[in-house]
Every structure is written in C-alpha cells, then in structure tokens.
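Survey of secondary and tertiary structure
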Amino acid sequence: MTWDEILPLLWPATAETAQMVAWSTLFTALLGLLLGVALVVFDRDGLRPLPAFKSGLGFVVNIGRSLPFIVLMIAIIPFTRLVVGTSVGTGAFVVPLTVGAVPFYARLVETALREVGADVVQAAQAMGASRTTIVRKVLLPEALPGLVAGLTVTVVALIGYSAMAGTLGGGGLGDLAVRYGYQRFETLLMIVTVVLLIVIVQLLQSLGDRIARRLSHK
C-alpha cells in the first residue's frame, strides 16, 4: 500500500476519531463534573451530608470504572440503540465512550475538589455564602487546575477507547487499523495509524498540561 492509497483512508478516519472524542469529551466533562461535585457535597463531611446517598453513588461509579471498555460497549448496546437508534457508526459510539469515561472523570473531579483547603470553604461559610455559591465560586475555581489536568487525562483515555470502538464498527482510526492494518496485513498503514495516535495524544497532553500550569499560577 502506497502513500497515495493511505492518505485518502487516513483523513476520514482521523475526522471520525476526532468527532467521537470531541462529543464524548463534552458530555463527559458536563456529567463527570456534576457527579464529582455530588460525591464531595454529599459526603459525610460535605456541604450537604447524605452519607447513604453518597455511598450508593460511589458504588455505581466504582462499577462503571471496574468494567473493561470493550465489555461495556457490548453490555450497553440496547441502551445505545435506545438513545441514538443504532449501535454502529461514529455517532452511536459516543454513548459508550461517554458512559465509560464519566465515572473515571468523576473520581478525578472528586480528588481535585478535595484538595481545596477546608479553611477556604469555612471562610465562605462564615460570610454566609450558600452551598451553591460555595461550589460555584470557591470549590470549582480553586480546583480548576486539577479539573483541567483530570480532563486532559480523560481525553487521552477517550482516544484509546475510541480506537477500541473501531473493533465493533465505531469507525475512526481503530477501525482503519483493524480492517486494513490487521485483516489485510498492511503493515505500513498500521505503523502510520499508531504513530498518528501517539502524536495526537502527545499534543493534547502537552496542551492540557500547559493550560493547567497557567491556571495554577494565577
């Protein structure tokens, strides 16, 4: 296989991977942030202690984190069909990507929020700030560098997940590597795909690290 044959296959696959990762990152950031905040707020020492509810929520999160992604993709096929009407294609695999990444990012959000000093929260409470205000104007801004760093790690994981999605009809670079690189023994295409994934991950990790450093210096 020559470069003239590889490039027309590579760019559409890269675009599909970018689409899957972008949409799943958006949904993961929103849902994971809400879930991570809930894990902190409803903790025994949180702003609104509900230990039993928090334990149940933590149990669900742990289940989500314990399932290998390829098993998760298969297990939630009925749910994926329910949400988007199909279980194959780039759009459909945004669902399992999001479901797999939300518990992961929620724990990172929880960790970042717990690193905010208790004295800062107590000072806000002493000034009469409501729980919502403390979350919005104290916890989240103070934890922002950690939240960005955690999201960067999550995006890198999503790129790996998206490659696995290709094995089940999700499209993208993973699908290209399987159909051409593996099944047709196109070694050059396999190498190019692997190198491209490595480059994408390195660029995103570097960008995320730079943003987190800048936020931590403010």
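This write-up is about the structure you can find in this document. The structure presented is a predicted model; accordingly, all values stated were derived computationally and were not measured.

Parameters and conventions
- Residues numbered from 1 in each chain as written.
- Predicted model: local features only at pLDDT ≥ 70, side-chain atom pairs only at ≥ 80, totals over all residues.
- Heavy atoms only, no water.
- Phe/Tyr/Trp six-rings, centres within 6.5 Å; stacked < 30°, edge-to-face > 60°.
- Helix = DSSP H or I, 4+ residues; strand = E, 2+ residues; numbered from the N terminus.
- Buried < 20%, exposed > 50% of the residue type's maximum accessible area, 1.4 Å probe, protein only.
- Core = buried A, V, L, I, M, F, W, Y, C linked by side-chain atoms within 4.5 Å.
- Contact = heavy atoms within 4.5 Å.
- Salt bridge = Lys/Arg side-chain N within 4 Å of Asp/Glu carboxyl O.
- Patch = residues over 30% accessible without salt bridge, like charges linked within 9 Å, V, L, I, M, F, W, Y side chains within 5 Å.
- Areas by Shrake-Rupley, 256 points an atom, 1.4 Å probe, with all protein chains shown as cover.
- Axes fitted to C-alpha atoms, helices over the stretch in contact; angles between N-to-C directions.
- Parallel < 35°, antiparallel > 145°, perpendicular 65-115°, else oblique.
- Left-handed = near helix turned anticlockwise from the far one by under 90°.
- Nonpolar A, V, L, I, M, F, W, Y, C, P; charged D, E, K, R; others polar.

Here we take up the packing of aromatic side chains. Tallied over the full model, the rule gives 3 aromatic pairs. For the ring pair phenylalanine 42 and phenylalanine 53, a centre distance of 5.3 Å and an interplane angle of 85° mean the geometry is edge-to-face. Highlighted residues: phenylalanine 42 in the loop between α1 (3–41) and α2 (51–66) and phenylalanine 53 in helix α2, separated in sequence by 11 residues. According to the relative accessible area criterion, phenylalanine 53 is partly exposed, its value standing at 45%.

Before going further, it helps to examine the nonpolar core. If you look at the biggest cluster of nonpolar residues, it comprises 25 residues, and the most contacted ones within it are Leu10, Phe69, Leu97, Leu158, Leu173 and Leu176. Of all elements in the fold, only α1, α3 (69–75), α5 (94–114), α8 (144–165), α9 (172–182) and α10 (187–216) reach the threshold of two or more residues within this core. Among residues more than four places away in sequence, those in contact with leucine 158 are Val21, Ser24, Thr25, Thr28, Leu97 and Ala101. Formed by 17 residues, the second largest nonpolar core is a distinct cluster that contains Leu47, Val135, Leu139 and Ala143.

The next point concerns the environment of leucine 168. When you line up the elements, leucine 168 lands in the loop between α8 and α9. Linking leucine 168 and isoleucine 74, residues 94 residues apart in sequence, is a C-alpha distance of 8.6 Å. Excluding residues that lie within four positions of it along the chain, leucine 168 makes contacts with Met73, Ile74, Val88 and Phe93.

For the structure on display, the rule yields 5 salt bridges. Two residues, arginine 114 and aspartate 43, come together in a salt bridge whose shortest N-O distance is 3.0 Å. On the criterion of sequence distance, the pair formed by arginine 114 in helix α5 and aspartate 43 in the loop between α1 and α2 is long-range, its members being 71 residues apart. Relative accessible area serves as the criterion here: at 39%, arginine 114 is assigned to the partly exposed category. The salt bridge involving arginine 114 is made with glutamate 110; its shortest N-O contact spans 2.9 Å. Taken together, the residues arginine 114 and glutamate 110, both in helix α5 and 4 residues apart, mark about one turn of the helix.

Let us now look at a nonpolar patch on the surface. A cluster of nonpolar side chains, Phe59, Val60, Ile63, Leu67, Ile70, Val71, Ile74, Met164 and Leu168, forms an exposed patch at the surface whose accessible area comes to about 760 Å². Judged by relative accessible area, isoleucine 74 falls into the partly exposed class, the value being 48%.

This brings us to the side chain of threonine 90. Turning to its location among the elements, threonine 90 is positioned in the loop between α4 (77–84) and α5. With relative accessibility at 12%, the residue threonine 90 sits in the buried group. For threonine 90, the residues in contact, after removing those within four places along its chain, are Glu16, Gln19, Met20 and Gly170.

When two helices pack together, their arrangement is given by the angle between the helix axes and by the axis-to-axis distance. Close contact between α4 and α5 brings their axes to 9 Å; oriented N to C, the two are set at 120°. By the angle between their axes, α4 is oblique relative to α5. Crossing geometry of α4 relative to α5 is assigned as right-handed. Of the residues in α5, those in contact with Phe79, Thr80, Val83 and Val84 of α4 are Val95, Pro96 and Val99. Along the lines of polarity and charge, the residues of the contact of α4 with α5 split into 6 nonpolar, 1 polar and no charged.

These values are about where atoms sit, not about what they do.
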